[in-house]
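Analysis of the macromolecular model
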Amino acid sequence: MTFPRSHLTWLTRDSYFLSQTSPHGYDLRLYNSSSVPQLELFKLHHPTGLGGNQRKYRAERQAGQMTVSQINHKLKANEHSYNVPRNSYDGRGPFNGVFGFHSNLLAANCPSEDRRSSATCLQSRGMLFGVFDGHAGTACAQAVSERLFYYFAVAMLPVRTLAEIEEAVEDERPVAPVLQWHKHPNDHSCRDAGQLYFSSLRTYWQERLDLGREELEEKEEEEDGKVSSALANAFRRLDNDISVEAQVDLSISSTRRVHNPGEALSLSSPLRVALSGCTACVAHVSGGELHVANLGDSRAVLGVKEDHGGWTALSLTNDHNAQNPDELQRILGEHPMSEAQTVVRHDRLLGLLMPFRAFGNVGFKWSGEMLSRVSETRPEVLSASEVARTMGRHYHTPPYLTAQPEVTRHRLRPKDKFLILATDGLWELMHRQTVVQLVGEHLTGLKWQKPVPRSGMTLGSMHSLLLDRKKHSLAAVEDQNAATHLIRHALGNDGYGGVEPRRLAKMLSLPPELTRMYRDDITVTVVHLNDPDI
């Protein structure tokens, strides 16, 4: 169906379409009217049994040009904390099993190619979290971070609700939101592609309706793994829409391109989105169940507190790259034996791309004829030399890349205390056990900093509490945000579980053109589960 343009403008206004934002958020809504300096970098060491009292910050002034205040300002510029409102609790805690989350992003690229998202799915009352690692630009990661959760919500909605939404849109009536976003003011938002994004999303729910109400409802009742299926369908469908939108963009007449010369340069240009790419790691928490859908080399790790009081890291994802033997065999098995020596070269797909699964990257999915057509008709977005580099002599049986996620389902236990989602910029610097240890001890330290109750305590119980605080408290907890705490340790690791101020200052004071030589963008989200006091 065709929509009047005036009804399809996505703006930040008081009228909703499909979403609402937190007080700090922005959203898409339907509006109804040469030489490299050598750094003294320490070799990383990952101890497994360090106690909280050994993790001490030095209070001395940082070396170099950055003061402590400047370091903290840079580290905390994008940190975000959210606590689930108390009215979302039942007798045992939050309805969705999430007490809140901490998140942060530190750029290495300029601009950062990482993105993050978090939202409450109002239909299921579950919470969604995602980290997205872009490559070949920011366009794909930006688009996926804004669109993927909507596709999941549509895949989860009952047929009756989808029909009501369709009727309301037809009648140009307001539609109840399906997502409540939890965004930081610095999180990027793309406003100029809203009409296209909405049109594709509407086509998706229309197709679900066309499957037939009875057939869909029977499937929904019988399907035990509805969330897993919805995640997989959302990933695949969004990637397909990104490809289709780019092909339509490719067919636009030269006249329109002449009249809109800046269109091809826009980050939301469908071709730019499709030619760039991103990995994705998304978690959905609801009803005591955790589902993780992963695509690429970002990771999800669960922090588990064992009976003896120690911390264990439980990996919920597998990297989709050449270091994963199963993934390597999958890739080789999808192509002829004649390509066995060329599909993966130098641990990269066709010798070029590190992740074996990703959104976008149509240069590894489209036919050779289609890619040649792009370079001939739209050289401003894809030159002939870039096509030659991608295709080379070994581009015979595309697609080589898939957006099929690997979905993991985990029943949450009382000892599962927090979930960490992070892009590979963190995991390249720290082992998962060290990451969990740091977060666990950090959150425990915050617990012992809470105010002492003013009533209901005897002198003896007060004495015991003060002794416990002295035993468990950290010397100084620099960060209230666990994600910031992780990034500080990742950059300033002294090799023994603490932070070396000089190293941290040097890593943060690198000029933009050099930063990427030493580290990647880092994005971290820590989701608090079960007992918030650990």
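These notes cover the structure that comes with them.

The rules behind the values
Every chain's residues receive numbers from 1 upward, in the order its sequence appears when written. Totals for whole chains, interfaces and linings use every residue, but because this is a predicted model, local features are given only for residues with pLDDT of at least 70 and side-chain atom pairs only at 80 or more, for both listing and counting. As a rule here, side-chain values cover all heavy atoms of the structure and leave hydrogens and water aside. Starting at the N terminus, helices and strands are each numbered in turn, a helix being any DSSP run of H or I of at least four residues and a strand any DSSP run of E of at least two. Relative accessibility under 20% of the residue-type maximum defines a buried residue, over 50% an exposed one, and the middle range a partly exposed one, all with a 1.4 Å probe and only protein chains included. In this description, accessible areas are obtained by the Shrake-Rupley approach with a 1.4 Å probe, and a residue is regarded as covered only by the protein chains that are shown. In this description, contact between two residues means that some pair of their heavy atoms is separated by no more than 4.5 Å. For this document, the term salt bridge refers to a Lys or Arg side-chain nitrogen within 4 Å of an Asp or Glu carboxyl oxygen. Residues belong to one nonpolar core when they are buried, are Ala, Val, Leu, Ile, Met, Phe, Trp, Tyr or Cys, and are joined through side-chain atoms within 4.5 Å. Fitted lines through C-alpha atoms serve as axes, helices being fitted only where they are in contact, and the angles separating the N-to-C directions of these axes extend from 0 to 180 degrees. In this scheme, roughly parallel covers angles under 35 degrees and roughly antiparallel covers those over 145, while 65 to 115 is roughly perpendicular and the rest are oblique. Left-handed is the label given to a crossing in which the near helix is rotated counterclockwise from the far helix by less than a right angle, and right-handed is the label when the rotation is clockwise. Basically, the charged four are Asp, Glu, Lys and Arg, the nonpolar ten are Ala, Val, Leu, Ile, Met, Phe, Trp, Tyr, Cys and Pro, and anything else, Gly included, counts as polar. Here the expected length of a helix is defined as 1.5 Å per residue gap, with one fewer gap than residues. Using only the protein atoms, space was sampled on a 1 Å grid; points where a 1.4 Å probe fits but cannot get out form cavities, open sets with protein on both sides within 12 Å along at least five of seven lines form pockets, and lining residues are those with an atom within 4 Å of a point. Grid points are joined across faces, edges and corners, and a volume is the space filled by probe spheres set on the points. Following DSSP output, two strands are said to pair if at least two bridges run between them.

Comments concerning the overall build of the protein
Helix and strand content of the protein: 17 helices and 20 strands. In the protein, which comprises 534 residues, the share counted as buried stands at 54%. Only carbon and sulfur atoms are counted for the fraction: they give 50% of the accessible area of the protein, which is about 24,400 Å².

Describing the environment of Leu 105
Residue placement: Leu 105 occurs in strand β7 (residues 98-106). When its relative accessible area of 12% is taken as the criterion, Leu 105 is described as buried. Once the C-alpha coordinates of Leu 105 and Ala 422 are considered, the two residues, 317 residues apart in sequence, prove to be 9.6 Å apart. Leave out the neighbours within four places in its chain, and Leu 105 touches Asn 78, Ser 112, Asp 114, Arg 115, Arg 116, Ile 522 and Thr 523.

Points about the pattern of salt bridges
Scanning the model with the defined rule gives 20 salt bridges in all. With a closest N to O distance of 2.7 Å, Glu 327 and Arg 330 form a salt bridge. With Glu 327 and Arg 330 both in helix α9 (residues 325-333), this residue pair falls three residues apart, about one helical turn. Classification of Glu 327 as buried rests on a relative accessible area of 4%. Note that Arg 488 is salt-bridged to Asp 479, the shortest N-O span being 2.8 Å.

Topic: the nonpolar core
With 79 residues, the main nonpolar core has Leu 148, Leu 179 and Phe 359 as its most contacted residues. It is helix α2 (residues 139-156) that contributes the most residues to this core, 14 residues altogether. Counting residues in each nonpolar core, the second largest holds 33 residues, with Ala 313, Leu 429, Leu 504 and Leu 508 among its members.

What about the packing of helix α1 (residues 68-76) against helix α15 (residues 482-492)?
Where α1 contacts α15, the two axes come as close as 10 Å, and the packing angle between them is 120 degrees. As judged from the angle between their axes, α1 and α15 are oblique. In this structure, the crossing between α1 and α15 has a hand that is right-handed. Note on element contacts: α15 touches α1 through Thr 484, Ile 487 and Arg 488, opposite Ile 71, Asn 72, Leu 75 and Lys 76. Tallied by class, residues from the contact of α1 with α15 come to three nonpolar, two polar and two charged.

Overview of α2
Here α2 spans 27 Å end to end across 18 residues, near enough to the 26 Å set by a 1.5 Å rise per residue. α2 sits mainly inside the fold: 18 of its 18 residues count as buried.

Section: unusual backbone geometry
A cis amide bond, omega 0 degrees, links Cys 110 with the succeeding residue Pro 111. The topology assignment puts Pro 111 in the loop between β7 and β8 (114-121). Cis peptide bonds are those with omega within 30 degrees of zero, and the linkage from Pro 398 to Pro 399 qualifies with 5 degrees. Take Pro 399: it is sitting in the loop between α11 (384-391) and β18 (406-411). A positive phi angle, close to 60 degrees, is found at Glu 172, a residue other than glycine. With respect to the element layout, Glu 172 can be found in the loop between α3 (159-170) and β10 (179-181). Of note in the backbone geometry, His 346 takes a positive phi value of approximately 55 degrees without being a glycine. Along the chain, His 346 turns up in the loop between β15 (344-345) and β16 (348-349).

Considerations on the layout of surface pockets
Computed from the structure, the largest pocket encloses a volume of approximately 1,100 Å³. Lining the largest pocket are 39 residues, and of these His 135, Ala 136, Leu 352, Leu 353 and Asn 361 sit closest to its centre. Listed by contribution, the elements that provide at least two residues to the lining of the largest pocket are β9 (126-135), α8 (270-275), α11 and α12 (424-427). Counting residues per element, the lining of the largest pocket draws most heavily on α11, at four residues. For the lining of the largest pocket, the class distribution of residues is 14 nonpolar, 12 polar and 13 charged.

Let's talk about the sheet that holds β7
Within the open sheet, the six strands sit side by side as β4-β7-β20-β19-β13-β14. Their pairing is antiparallel. Every interior strand has two partners, whereas the edge strands, β4 (80-83) and β14 (311-315), have only one. Averaged over all adjacent pairs, the angle separating strand axes in this sheet is 15 degrees, with direction ignored. Bridge count between β4 and β7: four bridges; the pairing is antiparallel. Among the inter-strand pairings, Asn 83 is bridged to a residue of β7, identified as Gly 100.

With respect to empty space enclosed by the protein
As a volume, the largest cavity reaches approximately 70 Å³. Residue lining of the largest cavity: His 80, Phe 101, Ser 103, Arg 116, Ser 117, Ser 118, Phe 129, His 182, Lys 183, Asp 187 and Thr 525, and that is the complete set. Where the lining of the largest cavity is concerned, the elements lending two or more residues are β7 and β8. For the lining of the largest cavity, a count of residues per class yields two nonpolar, six polar and three charged.

Digging into the packing of α3 against helix α4 (residues 194-210)
The N-to-C vectors of α3 and α4 enclose an angle of 130 degrees; their axes lie 10 Å apart at closest approach. Relative to α4, the element α3 lies oblique. Considering the relative orientation of α3 and α4, their crossing is left-handed. Contact residues: α3 offers Val 159, Leu 162, Ala 163, Ile 165, Glu 166, Val 169 and Glu 170, while α4 offers Phe 198, Arg 202, Trp 205, Gln 206, Arg 208 and Leu 209.

Distances and angles like these do not, on their own, reveal function.
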